[in-house]
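In case you want the letters, here they are:
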Amino acid sequence: MSKKQNIVKKIKSLCYLTLGGSLSYQFIYFKKDFSGYYDNVLQPLSQRLSPEFAHKIGVSAIKYGLFPRESIDDPNVLKTKFLTYELSNPIGIAAGFDKHGDAVLGLRNLGFSVIEIGSITPEPQPGNPKPRVFRLPEDYAVINRYGFNSEGHNAVYEKIQNLDKTLLKKGLLGINLGKNKISDDAVNDYILGIKKFSEVADYFVINVSSPNTPGLRSLQSKEELKNLLIAINKMRKSLQTKKNPPLLLKLAPDLSLEEMKDIVSVITQNESQVQGLIISNTTIDRSSLTNQEFSNETGGLSGKPLNSKSTEMIKTMYNLTKGKVPIIGVGGVFSGKDAYDKILAGASIVQIYTALIYHGPPVVSKIKSELADLLIKDGYSSVNDAIGKGVK
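Residues numbered from 1 in each chain as written. Predicted model: local features only at pLDDT ≥ 70, side-chain atom pairs only at ≥ 80, totals over all residues. Heavy atoms only, no water.

Within the protein chain one finds 13 helices and 13 strands. Taken along the three principal axes of its C-alpha coordinates, the protein chain extends 90 × 50 × 50 Å. Looking at the protein chain as a whole, 54% of its 392 residues are labelled buried. A sequence separation of at least 24 residues applies to 73% of the contacts in the protein chain between residues at least 6 apart. As displayed, the protein chain has an accessible area near 18200 Å², and 54% of this comes from carbon and sulfur atoms. Taken together, the 50 basic and 38 acidic charged side chains of the protein chain have centroids lying 6 Å from each other. (Helix = DSSP H or I, 4+ residues; strand = E, 2+ residues; numbered from the N terminus. Buried < 20%, exposed > 50% of the residue type's maximum accessible area, 1.4 Å probe, protein only. Contact = heavy atoms within 4.5 Å. Areas by Shrake-Rupley, 256 points an atom, 1.4 Å probe, with all protein chains shown as cover. Lys, Arg positive; Asp, Glu negative; His and termini not counted. Charge placed at Lys NZ, Arg CZ, Asp CG, Glu CD.)

Given below as C-alpha cells:
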C-alpha cells in the first residue's frame, strides 16, 4: 500500500469514527434529555423548514413513534371528569394539528388525554393556495389560512375505523367536522359527518368558527345556528347506532357580548342544545402583534396573543350558561399557569396547538406538571374542584 493510500485510509477511518461518535452522542443526548435535545437541536432545525412542511414532518414523527412516549403516570390531582368520561388529565390536542387522523395513538402516547382530529369535510378538498401558514416567533404565534384542507370522510374513516380504543388508555377521540368550501348545504355536510363517524367518535365538534372558509362564521348567527342545530339534533335522535356521541360547538373569539348571549339562548333550548362548547377558534384580531412581516396576512391567528382573549370569553360563557355547559378551553396555552387560568375561568379540558409548534412534545409533560403543582398549592384535590373558581 502506498503512502498516499495509507493516508486516505486513515482519513476515512477518522471520518467514520467522528461520524459514529457524533451519532452516538446525539442518540444518548436524545434518550437521556429529550427536552433539552428538542430545545437545542430539533426545535431550531424545525424553524428552518417552511411551517407547513415542518407540520407534516411533526405529524409523521408522532405517528411512527419517533419521539419518546410519556414514561410517568399522571398525578391523581389531574384526574378530570368531562361529560360522561373519566380522564387522567385535562390536556388535549386541538383540531388542526392532526387533520386527517394519522397520529391518534402517537398523540396519546405523548400524554394527551383528548385527541381531536379534523376539521374533516365530506369530500376531499385541497384547501387554500400555498403559502398558507406563517410563524410569528416574536409573538409565539401562527397565522394559518389552511381552509379546511381535508382528505374527506371516507379516507379518514378508513384510518380510524379499526382503532383499538384500549390503546387509547381511556383517552378520548374527538371528531371535528367542517363543511366543503363549494357546498351550498352546510347542514347536510355536518349531518353526513355525524352519520359517518358515530361509531368511532367519543364526541363531535361542529366547527362554525374558522375564518378561512367563506361564510362559515355566519352560521354562528342566532337563526342560522338554531336551524343548523335543530336539524342535527333531529338526525341524531333518529340514528340507529350503539353510540350517540355528545355534540360540541366551536366558537370564534371575535364575537360580541350580544352574539354570545344569542348563542346561549340557542344552545340551552332542548331542540337545539349542545353538550359542550369549545372556546375558542383562531382570531382575526391583529392588535397586539409585534411581528410586522406577516401580521397583515389573512387567516386565523393562534398562540400567545389569543390567550387572554379566549380566557375572558370562557369566563363570559361560563357565566352566561351558569356553568351548566362543559367547556373545552383553547387558545395560547403554553404553560401550566395558562391552563390553570382557563380552568379557573370555567374550562373542564384545555387544548394546545401552537405551543407544540414552538416547544415540541416535551411541552405536554411540562404543562401537566406545572398545572398539578398549582392545583396542589391552592388546595384542590382534582381539576373538577377548580373549574370556574375564578369566575365572580
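Moving on to the nonpolar core. If you look at the biggest cluster of nonpolar residues, it comprises 103 residues, and the most contacted ones within it are Ile175, Tyr190, Phe197, Ile206, Leu249, Leu277 and Met317. In terms of residues, this core owes the most to one element, helix H12 (residues 362–377), which gives six residues. With near-sequence residues (within four places) excluded, Leu249 lies in contact with Ile206, Val208, Leu225, Ile263, Ile267, Val274, Gly276, Leu277 and Ile278. Formed by six residues, the second largest nonpolar core is a distinct cluster that contains Phe134, Leu136, Ala141 and Leu301. (Core = buried A, V, L, I, M, F, W, Y, C linked by side-chain atoms within 4.5 Å.)

Let's shift gears to a nonpolar patch on the surface. On the surface, a cluster of nonpolar side chains totalling about 240 Å² of accessible area is made up of Leu49, Phe53 and Ile57. Here Leu49 lies in the loop between helix H2 (34–46) and helix H3 (51–63). Here Leu49 falls in the partly exposed class, since its relative accessible area comes to 30%. (Patch = residues over 30% accessible without salt bridge, like charges linked within 9 Å, V, L, I, M, F, W, Y side chains within 5 Å. Salt bridge = Lys/Arg side-chain N within 4 Å of Asp/Glu carboxyl O.)

With their axes 8 Å apart at the nearest point, helix H9 (residues 307–320) and helix H10 (residues 336–345) run at an angle of 20 degrees to one another. The angle between the axes of H9 and H10 places the two elements in the roughly parallel class. With respect to the hand of their crossing, H9 and H10 are arranged in right-handed fashion. Packed against H9, whose contacting residues are Asn307, Ser310, Thr311, Ile314, Lys315 and Tyr318, the element H10 presents Asp338, Asp341, Lys342 and Ala345 at the interface. (Axes fitted to C-alpha atoms, helices over the stretch in contact; angles between N-to-C directions. Parallel < 35°, antiparallel > 145°, perpendicular 65-115°, else oblique. Left-handed = near helix turned anticlockwise from the far one by under 90°.)

Feature annotation in UniProt places "domain: Dihydroorotate dehydrogenase catalytic" (unreviewed entry) on residues 78–375, given in this structure's numbering. As annotated, residues 78–375 has a helix share of 33% and a strand share of 19%, and its two end C-alpha atoms lie 8 Å apart. (UniProt positions renumbered as here; feature names shortened; annotations may be inferred.)

In this section: the packing of aromatic side chains. The final tally for this structure, using the stated rule, is eight aromatic pairs. The interplanar angle of 70 degrees and the centroid separation of 6.3 Å between the aromatic rings of Tyr38 and Phe67 together place this pair among those described as edge-to-face. On the criterion of sequence distance, the pair formed by Tyr38 in helix H2 and Phe67 in the loop between H3 and strand S1 (80–82) is long-range, its members being 29 residues apart. As far as burial versus exposure is concerned, Tyr38 and Phe67 are alike and both buried. Plain terms: the ring middles of Phe134 and Phe294 are 5.3 Å apart, the flat faces sit at 35 degrees to each other, and that makes the pair tilted. You can see Phe134 sitting in strand S5 (residues 133–136) and its partner Phe294 sitting in the loop between strand S10 (276–279) and strand S11 (300–303), a full 160 residues away along the chain. You can call Phe134 buried: its relative accessible area is 6%. What links up through ring pairs into an aromatic cluster is the set Phe34, Tyr38 and Phe67. The lysine or arginine in question, Lys304, covers the ring of Phe334, its NZ or CZ lying 5.1 Å from the ring centre. (Phe/Tyr/Trp six-rings, centres within 6.5 Å; stacked < 30°, edge-to-face > 60°. Lys NZ or Arg CZ within 6 Å of the ring centre and 35° of its normal.)

Another aspect to go through is the pattern of salt bridges. Within the structure shown, the criterion is met by 16 salt bridges. Asp102 is the salt-bridge partner of Lys159, the closest N and O atoms lying 2.6 Å from each other. Placement of Lys159 in helix H5 (residues 153–160) and of Asp102 in the loop between strand S3 (91–93) and helix H4 (104–109) is noted, with a sequence separation of 57 residues between them. By sharing partners, the salt bridges in this structure join Arg217, Asp254, Asp285 and Lys309 into a single network.

At their nearest, the axes of H5 and helix H6 (residues 186–197) sit 11 Å apart, and the two run at 20 degrees to each other. The angle between H5 and H6 falls in the class roughly parallel. The hand of the H5/H6 crossing is right-handed. Across the interface between the two elements, His153, Asn154, Val156, Tyr157 and Ile160 from H5 touch Asp189, Leu192, Gly193, Lys196 and Phe197 from H6. Grouping the constituent residues of the contact of H5 with H6 by class yields five nonpolar, three polar and two charged. (Nonpolar A, V, L, I, M, F, W, Y, C, P; charged D, E, K, R; others polar.)

Quick look at the sheet that holds strand S13 (residues 349–352) now. Within the closed barrel, the eight strands sit side by side as S3-S4-S7-S8-S9-S10-S12-S13. Their pairing is parallel. With strand direction ignored, the average angle separating the axes of adjacent strands in the sheet is 25 degrees. With two bridges connecting them, S3 and strand S4 (residues 114–120) associate as parallel partners. Looking at the pairing, Gly92 lines up with Val114 of S4. (Pairing = 2+ DSSP bridges.)

As a further point, take the pairing of S10. Along S10, one buried face is formed by Gly276 and Ile278 and the opposite face, lined by Leu277 and Ile279, is buried too. Judged from the four bridges that link them, strand S9 (residues 247–251) and S10 form a sheet pairing that is parallel. When the sheet's bridge partners are listed, Leu248 is paired in S10 with Gly276. Chirality of the crossover, the property in question, places the unit of S9, helix H8 (residues 257–267) and S10 among those that are right-handed. (Right-handed = clockwise from strand over helix to strand, strands pointing away.)

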